[in-house]
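Results of the structural survey
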Amino acid sequence: MATDSVFWEYGAKRFCHALRWQVLFLTCLFLHVSGQIRYSIPEEMKKGSLIGNVAQDLGLDLQRLRAGRARIVTGDSIQYAELKPDKGLLVISERIDREQLCGDVTPCSFSFEIILENPMELHPITVEILDENDNAPTFQNKDLVFEISESATQGSRFVLESAYDPDVGVNALQNYILTPNDNFILKQHSNPDGSKYAEMVLQKSLDREDHPRLSLKLIAVDGGNPQRSGTVNIDVTILDANDNAPVFNQTVYRASVLENAPKGTYITTVNATDKDSDSNGIVNYYFSKLKSNIEDIFNIDKDSGRISVVGPVDHERDTKYEIRIEAKDQGGLTDSSKVIIEVADVNDNAPVINVMSFSSTVLENSPPDTTVGIINVKDLDSSDNGKVSCALEENLPFKIKSTVRNYYTLVTDAVLDREKMSHYNITVIATDAGKPLLSSKKTFSLKVTDVNDNSPAFPESFYTSYVPENNGPGLSIFTAKAYDADENQNARISYILEETDMNGTPASSYVSINAETGVVRAVRSFDYEQIKQFKVTIKAQDGGSPPLSSNMTVNILIQDLNDNAPQILYPVKTSGSLVAEMVPRSADMGYLVTKVVAVDVDSGQNAWLSYRLQKDSDRPLFEVGAQNGEIRSMRQVTEKDAVKQKLIVIVEDNGQPSRSATVSVNVVVADNFPDVLSEFTDLTHDKDYNDNLTFYLVLALAVVSFLFVTSLVVIISVKVYRWRQSRVYFKSHNLPVIPYYPPRYADAGGTGTLQHVYNYEVYNTTDSRRSDCQTARPGAQSVLVMDPFSVGTMQCVQSEKNILDEPDSPVEVSRLSLFCILMI
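Summarised in this report is the structure supplied together with it. Not measured: the values here are computed from a predicted model.

Reading the values: rules and limits
Residues numbered from 1 in each chain as written. Predicted model: local features only at pLDDT ≥ 70, side-chain atom pairs only at ≥ 80, totals over all residues. Heavy atoms only, no water. Helix = DSSP H or I, 4+ residues; strand = E, 2+ residues; numbered from the N terminus. Buried < 20%, exposed > 50% of the residue type's maximum accessible area, 1.4 Å probe, protein only. Contact = heavy atoms within 4.5 Å. Areas by Shrake-Rupley, 256 points an atom, 1.4 Å probe, with all protein chains shown as cover. Disulfide = S-S within 2.5 Å. Polar contact = N/O pair within 3.5 Å; in protein donor to acceptor, adjacent residues only side chain to side chain. Pairing = 2+ DSSP bridges. Axes fitted to C-alpha atoms, helices over the stretch in contact; angles between N-to-C directions. Patch = residues over 30% accessible without salt bridge, like charges linked within 9 Å, V, L, I, M, F, W, Y side chains within 5 Å. Salt bridge = Lys/Arg side-chain N within 4 Å of Asp/Glu carboxyl O. Phe/Tyr/Trp six-rings, centres within 6.5 Å; stacked < 30°, edge-to-face > 60°. Lys NZ or Arg CZ within 6 Å of the ring centre and 35° of its normal.

Scanning the chain for helices and strands turns up eight helices and 55 strands. Burial status across the chain gives 43% buried among its 824 residues. Residue pairs in contact within the chain that sit at least 24 positions apart in sequence constitute 67% of those at least 6 positions apart. Of the roughly 43900 Å² of accessible surface on the chain, 50% is carried by carbon and sulfur atoms.

Another point: the side chain of Asp318. Along the chain, Asp318 falls in the loop between β22 (306-309) and β23 (320-329). The exposure class assigned to Asp318 is buried, which follows from its relative accessible area of 17%.

Counted by the stated rule, this structure contains one disulfide. A disulfide bridge connects Cys102 with Cys108, and the sulfur atoms are separated by 1.9 Å. On the sign convention where negative means left-handed, the S-S torsion of about 70 degrees between Cys102 and Cys108 marks this disulfide as right-handed. Take Cys102 and Cys108: they sit in the same class, and that class is buried.

Turning our eyes to something else, we now look at the environment of Ser366. Along the chain, Ser366 turns up in the loop between β26 (361-363) and β27 (371-378). Between the C-alpha atoms of Ser366 and Thr412, which are 46 residues apart in sequence, the distance is 8.2 Å. There is a polar contact of 2.8 Å between the side chain of Ser366 and the backbone oxygen of Leu363.

All right, on to the sheet that holds strand β10 (residues 157-159) then. Across the sheet, three strands lie side by side as β10-β13-β12; this open sheet has antiparallel pairing. In the strand order of this sheet, the two ends are held by β10 and β12 (184-190), each with one partner. Recorded for the sheet is a direction-independent mean angle of 30 degrees between the axes of neighbouring strands. Pairing of β12 with strand β13 (residues 196-202) involves seven bridges; the strand directions are antiparallel. When the bridges of β13 are listed, Ile185 appears paired with Val201.

As a further point, take the pairing of strand β40 (residues 533-542). Where a strand is regular, its side chains alternate between the two sheet faces. Taking burial as the measure, the ten residues of β40 include seven buried ones, the bulk of the element. In terms of strand pairing, β40 meets strand β41 (residues 549-559) through nine bridges, oriented antiparallel. Along β41, the bridge assignment pairs Phe534 with Ile556.

Here we come to a nonpolar patch on the surface. Taken together, the side chains of Phe708, Val709 and Leu712 make up a nonpolar region of the molecular surface, amounting to roughly 250 Å² of accessible area. Residue placement: Phe708 occurs in helix α7 (residues 693-720). A relative accessible area of 35% places Phe708 in the partly exposed class.

In total, this model carries 18 salt bridges according to the counting rule given. The salt bridge partner of Lys399 is Asp369, with a shortest N-O separation of 3.4 Å. Of this pair, Lys399 sits in strand β29 (residues 398-402) while Asp369 is found in the loop between β26 and β27, placing the two residues 30 residues apart along the sequence. Lys399 gets classed as partly exposed once you look at its relative accessible area, which sits at 31%. Through salt bridges with shared partners, a single network forms among Arg69, Arg71 and Glu117.

Once that is clear, we can look at the environment of Val257. With respect to the helices, strands and loops of the structure, Val257 is situated in strand β17 (residues 252-258). Spatially, the C-alpha atom of Val257 lies 9.8 Å from that of His315, the residues being 58 residues apart in sequence. Discounting residues that sit within four places of it in the chain, Val257 has contacts with Ile267, Val309, Val313, Ile341, Glu342, Val343 and Ala344.

With that out of the way, let us pick up the sheet that holds strand β44 (residues 592-595). Reading across from one edge, β44-β48-β47 is the order of the three strands in this open sheet, with antiparallel pairing throughout. With one partner strand each, in any of the chains shown, β44 and β47 (622-624) form the two edges of the open sheet. Averaged over all pairs of adjacent strands, the angle between their axes in this sheet comes to 20 degrees, without regard to strand direction. When β44 meets strand β48 (residues 630-633), the two strands line up antiparallel, connected through three bridges. Each residue of the ladder has a partner; that of Thr594, found in β48, is Ile631.

Taken as a whole, this structure holds 13 aromatic pairs when the rule is applied. Between Phe298 and Tyr321, the aromatic rings sit 5.1 Å apart at their centres with planes inclined by 80 degrees, giving edge-to-face as the arrangement. One end of the pair, Phe298, is in strand β21 (residues 298-300); the other, Tyr321, is in strand β23, with 23 residues separating them in the sequence. You'll find Phe298 and Tyr321 in the same group, each marked buried. Judged by centre distance (5.2 Å) and plane angle (80 degrees), the rings of Phe398 and Tyr424 are edge-to-face. Within this pair, whereas Phe398 is found in strand β29, its partner Tyr424 is found in strand β31 (residues 423-432), the two being separated by 26 residues in sequence. By relative accessible area, which is 4% here, Phe398 ends up buried. With relative accessibility at 7%, the residue Tyr424 sits in the buried group. Taken together, Tyr80, Phe110 and Phe112 form an aromatic cluster joined through their ring pairs. Geometry around Tyr286 places Lys328 over its ring, the cationic atom sitting 5.7 Å from the centre. Residue placement shows Arg524 over the ring face of Tyr510; its charged tip is 4.1 Å from the ring centre.

See below:
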C-alpha cells in the first residue's frame, strides 16, 4: 500500500505537464524558415495520417505540383512520408518509432526534399517526431544480490542497477522508489547526460543475528501519462564483519579511445585499495549497470581493474561513455567511481553522393551557368571529418556550385565546343576534411549536340623537312596532314600548293602535292651546292559551303652529301715545272718544311679534312700534321737519309664514304746548292744523262765559283743602293716560267678549312715570255724550282734572310740568293 501511495502521488504531480504534451501529439505544426518547412508529429501514427498541406505551405498550386512531377527524394534512408500531388498533402507512409529512428537523440527528426522540374525547384522538408510514453523503464536483471558485512558503517553506499527507458523528455525515467525498510534509504543522482542512477545508503547498522537476509524492491517510474514503471528485487545477505570498504584513488577517471579500435585495445586501469588484510582486502571490480550495451563494448578485468575494448566502438553512435565502476571486497563492502571514456572520431565514413536530378544532353552553344544536374552529399562523421567539399576530377568546362545544406549544382563554366569534345564523362569527387582524406566519386555522362563552326587545322603552322641532295624526281619529301573537327562533307580536306616565287621560279617547279593524301614530292633533283633550302606554302581546304581553309609553311632543307673530294690549293700542281723544298742537314727535329693546304666545297663533317703521309720506309724522316697539313722533320738528318725525298700526302674528308686527294711534295736534303744538282739531274733526265753527270758537276762548280766572285760585287752594290728594293729581271728566249710558292707562311687568323692566309702578287706583261713575280718570302727558307722539260736549261734561285749580317762567312756567301743559268 505504501508503494502504491507514493506511485500515484508522483503520478498526480506529473499529470499537468503530461497533458500539455498530449495536446502537441494531436496537433501538426509547421514553420517556414529560409525556404524550409518543418512539421511536428507524434510517433506511432497510422499509415495515411496527415502530416501537412505542402501545396498550401509552399504557396504552390496543384497544377504546378502535377506539371513539375513533384516527388520526394530521401536518399538512402527509409521513406516515412508520401506526397499526394493531386491534393498537395503530405501523409505518413510507414510506422514511425521514435526510439528506433533516433534512440536517445533529441530532438528527433528526419528530413527529405521535394523536387519539382521545369523549372527545377528544391524544397527541403523536416519532420520532427514527438515522443510518446510507449516504453516502461526496465532493469537488465530481475534480481540484485548484495552481500554486506554487518560491520558496515552508517553512510556506506551501494550502487544500484540503473533502469533503462528508451523514451525521452518527460516520458523518460524520472524517479526511483525503494520499498520502506529500517536499514537503507535511497539516494538518487543524475549523470551529465541526464540519465539517473540510485544508491542505497546504510542509515542503520546491520545485525546479522537479527536479520541475516533482507528483501527489498527498487521501482523505476517515468513521467508519462499514463505513468509506467519497472521493478527489480534486491536481496541483501548480511556477512560477518569486514570493517573497511575499498576506496578508489580517483573519483573520476578520464580516458579516450579511437572509434573502430580493435578488440583488446587498452583504455585505462582503475584502482581501489582496501585496508583489510587477507581475503577481506581482496578487491574485485565490476561495471555498474548504466546501459544495457556497455558490457558488449567494454570489459573490465575484475582482478586488475584494466578496462579494454571487446566490441565495436562507433563515434557516430555514441561520442562519450560514462561508466560507473564498483569496487567490492570479499566482505561485500563497495566503493564506486566513474570512468568517462571519450570516443575520438576517426574518418571512417566516406561522403555519399546522391543524384537529385541530371540532364544527359546539353547544347554546344549553351551559355555558362547552365544547370546540368543537382546532387546531395552526406558524411556521417563529425567535425572536420564530416566537412565535405565537392570538386571535379578533371579540368572540364563545368563547375560545382554549393546551394543549400550539402546540395550542389553542376553547371557549365564556359561555352562548349562539340568539335573539341562531343562527350563528357564528368566525375564529381566529394572529399571530407579528415585525416586521412576520404572521398567518393560519381561519374555523369553528358553528350554535347553539334554546331558546325570549325575550319581545317594543321597541328603546326611551320614544319621542317630534310631532303638529301642528288635525289631522284618523285621522291616523297613530306606529308601534310590537317584535321577538321567537323563531320561528313565539312571534314573532307583537299590539299593545294600555293604558288610562290623562289628567286623567280614558281614553287611547282620544285615540288608537287597530292590533293587527297597531302604527299609532297620532289619534281627535280636538288644540288646542295646550288640551293640549300626553300619554303613552300600548303593550303588545306574543307568541302563545306562556303569552304574554310588554313595554311602551313614547310621549310625544305637540302642535306649535303659527300659528293666532292678535297681540292689541293698548295702546293700547286704544274704541268711544266717541278717544285721542291730544300731542307738543311742541320735541321732540328720539328723543322717546318712546308704546309699542304686543301679545301672541300662540302659542308659539315663532309668538309672536315685530315692529312697523312703515305709511308714508304721504316724510318721516315718527315711527318705531316693530321689537322693542319704541316710537314715537319721527325728527327735529325743522318748520312743514311737520301738527299731526294718524295712525300705523298693524302688528304681525306670525314664524309661517309670518305673522299680523298693526293699531292706529291719533293724534298731535297742538302746544305748548299751543289749538293742538289746531282739529285735534280735525276729528277729531270732519264738514265741516258747519267754518263754526263761529272761534266755537268765540274761545269757547275766553275759557274758557282764565278758567281761567288760576282756575288761579292753585287752585295756591295745592293747595300749601297738599298738592295731590299731591287728587283732581279730574268730574260731568256727558251727559259720556262719558274713558279714560286711560299713554303713558309705566317698565321694571320681565319676560320674554316683554310686556317692561314696566303697573299700572292703576280704581274704579267703582254709578252708571255717576259714576266715578273714578286712574293713575300720568309728569312730562312730555300726553294728549288726545276723544269724537267727544258733539258738544256736549268735555273736555280736560292735566297737567304740577310747575307750582310755575316759578310765574311763563306758559308753564308754560298747561301746568297743565287741565279744560275746553265746552258747545255
